[in-house]
Amino acid sequence: MRDLPALLSSGDALVFNDTRVIPAELTGIRHRDGHMLRFTANLHKRARPDAWWAFARPGKRLKIGDHLRFGEESEGVACLLGVLDAEVEAKHDRDGILIRFALAGTYLDEAVARLGTTPLPPYIAAKRGQDARDVADYQTVYAREDGSVAAPTAGLHFTDELLDRLRRQGIELHFLTLHVGAGTFLPVKVEDTRDHRMHAEWGLVSPATAKALNAVRSRGNKIVAVGTTALRLLESAADENRVVHPFAAETDIFITPGHRFRAVDALMTNFHLPRSTLFMLVSAFSGLATMRAAYGHAIANGYRFYSYGDASLLFPAEDAR
């Protein structure tokens, strides 16, 4: 990472996802017929100002119409000022449960911020509980738009000092927003990737950012996506002539080998799980043989994988251009 400025040229552009992780893991209780159930709910997609889709554990024991309560009462302290009431409005095999809260808009956001915790990836959370460092560590230094339930982890490698070095070298820094949902990291369970459905995520590419990136391309410099989320949004916003357009909508783009990349000339990303949509994406970008060799090198040399792991800088295979 220290060498990144030397690997790029003046006039190149790095594109960052400035989404901010919200404390989207809530612990609550459900009362029904005199029985109490403790559960956790990981919010992953906002449906309305007063409703979120969530993956619940144990989710199968929650039913439509169940009353839920999050907050201090779940820890044995009955204080209505410290609780958040809700109801199970719907259930879906893929999206989990739809929770309708008693609050909406910014009032709901404030309650979630007060009662929730950082939703660490399960391979971290299964080994240790959240600690105070995770609140800062699981957030990029440039995060500013609340809405993600998982960090765009390629950006965790950047420090303010490194960003300053890049600017001094004449490398442009541009920002877009894609609110990362938990569905991005779900494994592919079908044999034919055409049968896999991605969860939609909301993204924004401003007119100013689109104009700046098209100028980078027109003068022959490289557009480098920092993370797969930035790449997916740029590919959603670009047309077949490699022009990036302003974008403000949901995207469920699923990139697999055979995809012809329109917007991105290089990709900085971490090392991903097998059978994941993210490994399929990097294989589409740099070629399966290249990625197998890269991952073999990483394993042989003790690289760290996943969210708090090491990074790679990838360039496209010829047939991906």
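Computed from a predicted structure; not experimentally measured.

Chemist: Break down the overall build of the protein for me, with residues and values.
Modeler: Helix and strand counts for the protein stand at 9 helices and 15 strands. If one aligns the C-alpha atoms of the protein with their principal axes, the spans along those axes are about 65 × 40 × 40 Å. Looking at the protein residue by residue over its 321 residues, the buried ones come to 50%. Within the protein, counting contacts between residues at least 6 apart in sequence, those at least 24 apart form 69% of the total. Considering the protein, the positive charge centre built from 39 side chains and the negative charge centre built from 39 side chains are found 3 Å apart.

Chemist: Got a sec to walk through the packing of aromatic side chains? Specific residues and values, please.
Modeler: Throughout the structure, instances matching the rule amount to 14 aromatic pairs. For the ring pair Phe16 and Phe158, a centre distance of 5.0 Å and an interplane angle of 85° mean the geometry is edge-to-face. Linking Phe16 in strand β1 (residues 13–17) with Phe158 in the loop between β9 (145–148) and α5 (160–168), this pair joins segments that are 142 residues apart in sequence. Members of the aromatic cluster, each reached through a chain of ring pairs, are Phe271, Phe279, Tyr295, Tyr303, Phe305 and Tyr306.

Chemist: Can you lay out helix α2 (residues 105–115) for me, pointing to particular residues and giving the numbers?
Modeler: Among the residues of α2, those classed as buried are Leu108, Ala111, Val112 and Leu115. For α2, the angular spread of buried residues about the axis comes to 100°, placing them on one side. Within α2, the exposed residues directed more than 90 degrees away from the buried face are Thr106 and Glu110. Those residues of α2 that are buried are in contact with β3 (25–32), β4 (35–48), β5 (51–57), β6 (67–71), β7 (83–92) and β8 (96–101).

Chemist: A description of the packing of helix α8 (residues 277–286) against helix α9 (residues 288–300) should follow, citing residues and the corresponding values.
Modeler: It is at 7 Å that the axes of α8 and α9 come closest, and there the two elements cross at 120°. Each of Phe279, Val282, Ser283 and Ser286 in α8 lies in contact with α9, whose residues at this interface are Leu288, Thr290, Met291 and Tyr295. Each residue belonging to the contact of α8 with α9 can be placed in one class, and the counts come to 5 nonpolar, 3 polar and no charged.

Chemist: Can you explain the packing of helix α7 (residues 228–237) against α8? Please cite residues and give values.
Modeler: Where α7 contacts α8, the axes come no closer than 11 Å and their chain directions differ by 65°. With respect to each other, α7 and α8 are oriented roughly perpendicular. Note on packing geometry: the crossing formed by α7 with α8 is left-handed. Together, Thr228, Leu231 and Arg232 of α7 and Leu278, Leu281 and Phe285 of α8 make up the contact between the two elements. Among the residues making up the contact of α7 with α8, the classes are represented as 4 nonpolar, 1 polar and 1 charged.

Chemist: Kindly report on the sheet that holds strand β15 (residues 311–314), identifying the contributing residues and their values.
Modeler: What the 7 strands build is an open sheet, ordered β13-β11-β10-β1-β12-β14-β15; its pairing is mixed. Pairing within the sheet leaves two strands with one partner each, and these edge strands are β13 (247–251) and β15. Neighbouring strand axes in the sheet, compared pairwise and without regard to direction, differ in orientation by 25° on average. Inspection of the sheet shows β1 paired to strand β10 (residues 172–178) by 5 bridges, in the parallel sense. Residue Asn17 lies in a different strand from β10, and its bridge partner there is Leu176. Where α8 meets the sheet, it contacts β14 (266–270) and β15, and its direction lies at approximately 150° from that of β14.

Chemist: So what about the pattern of salt bridges? Which residues, and what values?
Modeler: Scanning the model with the defined rule gives 16 salt bridges in all. Its salt-bridge partner being Asp66, residue Arg32 comes within 2.8 Å of it at the nearest N-O pair. Taken as a pair, Arg32 in strand β3 and Asp66 in the loop between β5 and β6 lie far apart in primary sequence, 34 residues in all. Relative accessible area serves as the criterion here: at 23%, Arg32 is assigned to the partly exposed category. Taking the relative accessible area as the measure of exposure, Asp66 reaches 6% and is therefore buried. The shortest N-O distance in the salt bridge between Asp109 and Arg46 comes to 2.7 Å. Pair noted here: Asp109 is in helix α2 and Arg46 is in strand β4, with a separation of 63 residues, a long-range link.

Cut-offs and rules
- Residues numbered from 1 in each chain as written.
- Predicted model: local features only at pLDDT ≥ 70, side-chain atom pairs only at ≥ 80, totals over all residues.
- Heavy atoms only, no water.
- Helix = DSSP H or I, 4+ residues; strand = E, 2+ residues; numbered from the N terminus.
- Buried < 20%, exposed > 50% of the residue type's maximum accessible area, 1.4 Å probe, protein only.
- Contact = heavy atoms within 4.5 Å.
- Lys, Arg positive; Asp, Glu negative; His and termini not counted.
- Charge placed at Lys NZ, Arg CZ, Asp CG, Glu CD.
- Phe/Tyr/Trp six-rings, centres within 6.5 Å; stacked < 30°, edge-to-face > 60°.
- Arc of directions from axis to C-beta.
- Axes fitted to C-alpha atoms, helices over the stretch in contact; angles between N-to-C directions.
- Nonpolar A, V, L, I, M, F, W, Y, C, P; charged D, E, K, R; others polar.
- Parallel < 35°, antiparallel > 145°, perpendicular 65-115°, else oblique.
- Left-handed = near helix turned anticlockwise from the far one by under 90°.
- Pairing = 2+ DSSP bridges.
- Salt bridge = Lys/Arg side-chain N within 4 Å of Asp/Glu carboxyl O.

Without other data, these values stay purely geometric and don't point to any function.
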